[in-house]
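Report on the structure
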Amino acid sequence: MVRYPAVAGQFYPGNSEELKLYLESFCRNNIPKVDAKAIIVPHAGYIYCGKVAGETYSKVEIPSLNIIMGPNHTGLGKPVSVYPSGIWITPLGEIPINEHITSKLLNNSPFEADTAAHIYEHSLEVQLPFLQYCSGYREDLSIVPITYKYISYSDCIKAGEVLAKVLEEDNGLIVISTDFSHYISQSEAEKYDSLAIDAILSLNPEELYKRVFTYNISMCGVIPATIGLITSKLLGANNAELVMYRTSGDITGDYSQVVGYAGIIIY
């Protein structure tokens, strides 16, 4: 199966040379890198969130295996949807699905094989050029794309345990794709996003899950973030760092209705 770009030319440049120029402006070379368990990065248009994503990717080692997890914005497909096989294409080239990992995941609930959820979904696609560029276009780069609808916290625990067991034998990076508050004032976004970010920095997945739903924080990727925290802790993560927090208002100058973006490293 081949998954062609759905949002190239919209969320990011569809031309490879222009895309490389964007990535060069967002990412930094020759800075210290950590061996991370997971990162949290935004998925808006690159002009809004590219600097947050680029700074975060620049600070971590990009391994061969990358588990990319994001929210399901379209409502299509299964609740926990794994793209099982084939390749994904970006303007920078092809990336194969790591079928060794997907086959292990698909033997366990709540993971299900499904391509429908991924046809138009942008939250995973926009991460791929960053992975390609910041890995130095490594030839063995592979991905495991997973989208999530709403699931209970108990199912988040189950998914995190399965994923951790699979990754015990195969070292990989968990890329958690999420934006934070949507279309509220700058002051409100800073207030509510700090509640979610503080729970993440404390490595407390249950508190993150509770706070997002208690305070009605419009963090679209709370489910993959919760699962990513659970998995990372089971794999030995004991620290987290906020790389950058910005909002769309920092780009547009309109602070009346903003979207929040955070870059976080879990290691």
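Residues numbered from 1 in each chain as written. Predicted model: local features only at pLDDT ≥ 70, side-chain atom pairs only at ≥ 80, totals over all residues. Heavy atoms only, no water.

**Some details on the nonpolar core**
Here is the rule: The nonpolar core is taken to be a set of buried Ala, Val, Leu, Ile, Met, Phe, Trp, Tyr and Cys residues, with the residues joined through side-chain atoms within 4.5 Å. Buried residues are those whose accessible area, probed at 1.4 Å on protein chains only, stays under 20% of the maximum for their type, while exposed residues exceed 50% and partly exposed ones sit between those limits. Each helix is a run of H or I in the DSSP string that is no shorter than four residues. Each strand is a run of E no shorter than two, and both are numbered from the N terminus. Two residues form a contact once any of their heavy atoms are found within 4.5 Å.
Membership of the largest hydrophobic core comes to 45 residues, with the highest contact counts inside it found for Ile-67, Ile-146, Leu-208 and Met-219. The element best represented in this core is helix H6 (residues 153–167), accounting for 7 residues. When residues no more than four places from it in sequence are discounted, the contact partners of Met-219 are Thr-178, Asp-179, Phe-180, Ala-196, Ile-200, Leu-208, Val-212 and Ala-225. Formed by 33 residues, the second largest nonpolar core is a distinct cluster that contains Val-60, Ile-62, Val-126 and Ile-143.

**Here's the deal with the packing of H6 against helix H9 (residues 222–234)**
Applicable threshold: Each axis is a line fitted through C-alpha atoms, taken for helices only over the stretch in contact, and angles between the N-to-C directions span 0 to 180 degrees. An angle below 35 degrees is read as roughly parallel, one above 145 as roughly antiparallel, one from 65 to 115 as roughly perpendicular, and any other as oblique. Each crossing gets its hand from how the near helix is turned against the far one by less than a right angle, where anticlockwise is left-handed and clockwise is right-handed. Three classes are used, and their members are as follows: Ala, Val, Leu, Ile, Met, Phe, Trp, Tyr, Cys and Pro are nonpolar, Asp, Glu, Lys and Arg are charged, and the others, Gly among them, are polar.
Packing of H6 against H9 brings their axes to within 8 Å, and their N-to-C directions diverge by 45°. Judged by the angle between their axes, H6 and H9 are oblique. Of the two possible hands of crossing, H6 and H9 adopt the one that is right-handed. Facing H6, whose interface residues are Tyr-153, Cys-156, Ile-157, Ala-159, Gly-160, Glu-161, Leu-163, Ala-164 and Leu-167, H9 presents Ile-223, Thr-226, Ile-227, Ile-230, Thr-231 and Leu-234. Of the residues belonging to the contact of H6 with H9, the class tally is 11 nonpolar, 3 polar and 1 charged.

**Quick look at H9**
Put simply, the rule reads: To estimate the expected span of a helix, subtract one from its residue number and multiply by 1.5 Å.
If you check H9, its first and last C-alpha atoms are 18 Å apart, about what 13 residues at 1.5 Å a residue would give, namely 18 Å. Within H9, 11 of the 13 residues are buried, which leaves it mostly tucked inside the rest of the structure. Looking only at H9, the buried set comprises Val-222, Ile-223, Pro-224, Ala-225, Thr-226, Ile-227, Gly-228, Leu-229, Ile-230, Thr-231 and Ser-232. Positive backbone phi, approximately 105°, marks Gly-236, located one or two places after H9.

**Quick word on unusual backbone geometry**
Omega for the peptide link from Ser-109 to Pro-110 comes to 5°, which places this bond in the cis form. Position of Pro-110 among the secondary structure elements: in the loop between helix H3 (99–105) and strand E7 (112–113). Positive phi values are uncommon outside glycine, yet Asn-30 reaches one of about 60°. Looking at the secondary structure, you find Asn-30 in the loop between helix H1 (16–26) and strand E2 (38–41). With a phi angle near 60°, Tyr-183 is a residue other than glycine that sits in the positive phi range. Tracing the chain through its elements places Tyr-183 in strand E10 (residues 182–184).

**Looking at the environment of Pro-110**
For Pro-110, a relative accessible area of 14% puts it in the buried group. Sequence-wise, Pro-110 and Ile-151 are 41 residues apart; in three dimensions their C-alpha atoms are separated by 9.5 Å. Residues contacting Pro-110, with those up to four places away along its chain left out, are Val-80, Asp-155, Lys-158 and Ala-159.

**Overview of helix H2 (residues 46–58)**
We apply this condition: Values of bend correspond, residue by residue, to the angle between axes fitted over the seven residues ending at that residue and the seven starting there.
Its 13 residues give H2 an end-to-end C-alpha distance of only 15 Å, which falls more than 12% under 18 Å, the value for a rise of 1.5 Å per residue. Bending of H2 peaks at approximately 25° at the position of Val-52. Among all positions in H2, only Tyr-46, Cys-49, Gly-50, Val-52, Ala-53, Gly-54, Glu-55, Thr-56, Tyr-57 and Ser-58 are buried. On its buried side, H2 packs onto H1, E2, helix H5 (128–134), strand E9 (172–177), strand E11 (240–247) and strand E12 (258–266).

**Details of the side chain of His-122**
The residue His-122 is located in helix H4 (residues 122–125) in this model. For His-122, the contacting residues outside a window of four places in its chain are Val-7, Phe-11, His-43 and His-73.

**Concerning the side chain of Asn-66**
We apply this condition: Distance and chemistry together define a polar contact, namely a pair of N or O atoms within 3.5 Å, with one atom able to donate a hydrogen and the other to accept it when in protein, and with adjacent residues in sequence counting only for side-chain atoms on both sides.
Take Asn-66: it is sitting in strand E3 (residues 65–71). We classify Asn-66 as buried; its relative accessible area is 0%. A polar contact is formed between the side chain of Asn-66 and the backbone oxygen of Pro-63, at a distance of 3.0 Å. Setting aside its immediate chain neighbours within four residues, Asn-66 contacts Leu-131, Leu-141, Ser-142, Ile-143, Val-144 and Leu-173.

**Description of the pairing of strand E8 (residues 142–148)**
Regular strands place their side chains on alternate faces of the sheet. Here is the rule: We treat two strands as partners when DSSP finds at least two bridges between them.
Across the 7 residues of E8, 7 count as buried, placing the element largely inside the fold. Burial of the side chains of E8 extends over both faces: Ser-142, Val-144, Ile-146 and Tyr-148 are buried on one face and Ile-143, Pro-145 and Thr-147 on the other. With 7 bridges joining them, E3 and E8 adopt parallel strand pairing. Of the residues in E8, the one forming a bridge with Ile-68 is Pro-145. Summarising the sheet, strand E4 (residues 80–82) and E8 pair through 3 bridges and their orientation is antiparallel. Along E8, the bridge assignment pairs Val-80 with Tyr-148.

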